[in-house]
Amino acid sequence: MLDAIEKMRKLLTANKEAEINCESLMEDQDFRKMFKRADMEKLMDPFMRDFSLCIKESLAKSGLSCGHIDFVELVGEATRIPIIQECIKQIYGKNDLSRTLNS
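Residues numbered from 1 in each chain as written. Predicted model: local features only at pLDDT ≥ 70, side-chain atom pairs only at ≥ 80, totals over all residues. Heavy atoms only, no water.

The next thing to look at is the overall build of the protein chain. When helices and strands are tallied, the protein chain shows 3 helices and 2 strands. Each helix and strand of the protein chain, ordered N terminal to C terminal, gives the series α-β-β-α-α. Overall size of the protein chain, expressed as C-alpha extent along the three principal axes, is 55 × 25 × 20 Å. A total of 103 residues make up the protein chain; the buried ones form 30% of that total. When contacts within the protein chain are restricted to residue pairs at least 6 apart in sequence, those whose partners lie at least 24 apart make up 48%. Taking the average location of the 16 positive side-chain charges in the protein chain and that of its 18 negative ones, the two points are 5 Å from each other. (Helix = DSSP H or I, 4+ residues; strand = E, 2+ residues; numbered from the N terminus. Buried < 20%, exposed > 50% of the residue type's maximum accessible area, 1.4 Å probe, protein only. Contact = heavy atoms within 4.5 Å. Lys, Arg positive; Asp, Glu negative; His and termini not counted. Charge placed at Lys NZ, Arg CZ, Asp CG, Glu CD.)

Take a look at the structure:
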């Protein structure tokens, strides 16, 4: 089940819809469901609030303002999720995010 969920999450980062498919999940019953990116974002909402708060707190503790930051470098697989990118763009006021480092 976890492998199917991870595969679906990766597909939803690039596509607006993805199917989750688990064969013989329970008593030889298969599980199939189409998932939309909006569904995933709705499930992620509590985590996104915490993520946004964490970024804002770290920015405040750094003593820097968004005007002092030239670019934002993203590293890691979760940063490919569109809602994560939009949150970071909104907080830092940047239109472009960088991915030049090899994570």
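Having seen it, we continue.
At aspartate 45, helix 2 (residues 37-62) shows its maximal kink, close to 55°; a proline, proline 46, follows between one and four residues later. Among all positions in helix 2, only Arg37, Met40, Met44, Met48, Ser52, Ile55 and Leu59 are buried. Residues of helix 2 that are buried sit in contact with helix 1 (2-14), strand 2 (29-36) and helix 3 (82-92). (Bend = angle between axes of the 7 residues up to and from the residue.)

Okay, the pairing of strand 1 (residues 17-26) next. Examined bridge by bridge, strand 1 and strand 2 share 7 bridges and lie antiparallel to one another. Among the inter-strand pairings, asparagine 21 is bridged to a residue of strand 2, identified as arginine 32. (Pairing = 2+ DSSP bridges.)

A contiguous nonpolar patch, built from Met1, Leu2, Ile5, Leu25 and Met26 and spanning about 530 Å² of accessible area, is present on the exposed surface. Listed by contribution, the elements that provide at least two residues to the nonpolar patch are helix 1 and strand 1. Among the structural elements, isoleucine 5 can be located in helix 1. Its relative accessible area of 35% is what places isoleucine 5 among the partly exposed residues. (Patch = residues over 30% accessible without salt bridge, like charges linked within 9 Å, V, L, I, M, F, W, Y side chains within 5 Å. Areas by Shrake-Rupley, 256 points an atom, 1.4 Å probe, with all protein chains shown as cover. Salt bridge = Lys/Arg side-chain N within 4 Å of Asp/Glu carboxyl O.)

The next point concerns the environment of glutamine 29. Locating glutamine 29 in the fold gives a position in strand 2. It is 55 Å that separates the C-alpha atoms of glutamine 29 and glycine 67, two residues lying 38 residues apart in sequence. When sequence neighbours within four positions are dropped, the list of residues in contact with glutamine 29 reads Cys22, Glu23 and Ser24.

In a regular helix each residue adds 1.5 Å, so 13 residues correspond to 18 Å; helix 1 covers 19 Å between its end C-alpha atoms and thus fits that length. Among all positions of helix 1, only Ala4, Met8, Arg9, Leu12 and Thr13 are buried. Looking at the packing, one finds that the buried side of helix 1 touches strand 1, strand 2, helix 2 and helix 3. (Expected span 1.5 Å × (residues − 1).)

The tally for this structure, following the rule as stated, stands at 4 salt bridges. One salt bridge in this structure joins aspartate 45 and arginine 49, with 2.9 Å as the shortest N-O distance. Of the two residues, aspartate 45 and arginine 49 are both situated in helix 2; the distance of 4 residues between them amounts to about one turn of the helix. Owing to a relative accessible area of 36%, aspartate 45 belongs among the partly exposed residues under this scheme.

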